[in-house]
Amino acid sequence: MFQYANKDLTSLSAKLHEEMEGMRANHVKGSPGWDWFLNQVLTKRTDATCTVEDLDGDEKELINMSSNTYLGLSCHPEVRQAGQEALEEFGSGVCSSRLI
């Protein structure tokens, strides 16, 4: 999993720090590096997509795979209607499952 971090380090924090330092030291010249990747500007976010600004300042629309709705179904009219019907028929509650 770790390419640059010392295997003898005990804390995850120390391993992550050393790994990031190794990546910064060994990145390809001209590439944006991790700082740009970790601090990318989101200019717009919708149900299933987000728009990011690339290094040239151009915006690109991407599928947001880090959301729970990357298929865009949470705002789909049929899904919303089915949810409302289920709520009316079965109701809702705050209890947990019987396994807990």
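Residues numbered from 1 in each chain as written. Predicted model: local features only at pLDDT ≥ 70, side-chain atom pairs only at ≥ 80, totals over all residues. Heavy atoms only, no water.

Participant: Got a sec to walk through the sheet that holds strand β2 (residues 49-53)? Specific residues and values, please.
Facilitator: Spatially, β1-β2-β3 is the arrangement adopted by the three strands of the open sheet, whose pairing is antiparallel. Whereas interior strands pair on both sides, the edge strands pair on one side only; in this sheet they are β1 (42-45) and β3 (59-63). This sheet shows a mean twist of 25° between the axes of neighbouring strands, independent of strand direction. Strand direction decides the pairing type here: β2 and β3, joined by five bridges, are antiparallel. When the bridges of β3 are listed, V52 appears paired with K60. (Pairing = 2+ DSSP bridges. Helix = DSSP H or I, 4+ residues; strand = E, 2+ residues; numbered from the N terminus. Axes fitted to C-alpha atoms, helices over the stretch in contact; angles between N-to-C directions.)

Participant: Just give me the short version of the side chain of N64, but keep the residues and values in it.
Facilitator: Structurally, the position occupied by N64 is in the loop between β3 and α3 (77-90). According to the relative accessible area criterion, N64 is buried, its value standing at 10%. Those residues in contact with N64 that sit more than four places away from it in its chain are R45, A48, T49, C50 and Y70. (Buried < 20%, exposed > 50% of the residue type's maximum accessible area, 1.4 Å probe, protein only. Contact = heavy atoms within 4.5 Å.)

Participant: I'd like a description of α3, backed by residues and values.
Facilitator: For α3, built from 14 residues, the straight-helix expectation of 20 Å at 1.5 Å per residue is met to within 8% by its first-to-last C-alpha distance of 20 Å. After α3 finishes, the residue G91 shows a positive phi value of roughly 75°. (Expected span 1.5 Å × (residues − 1).)

Participant: Give me the lowdown on the environment of G57, citing residues and values where you can.
Facilitator: With respect to the helices, strands and loops of the structure, G57 is situated in the loop between β2 and β3. The class for G57 is partly exposed, based on a relative accessible area of 39%. Separated by 16 residues in sequence, G57 and V41 have C-alpha atoms that sit 9.9 Å apart.

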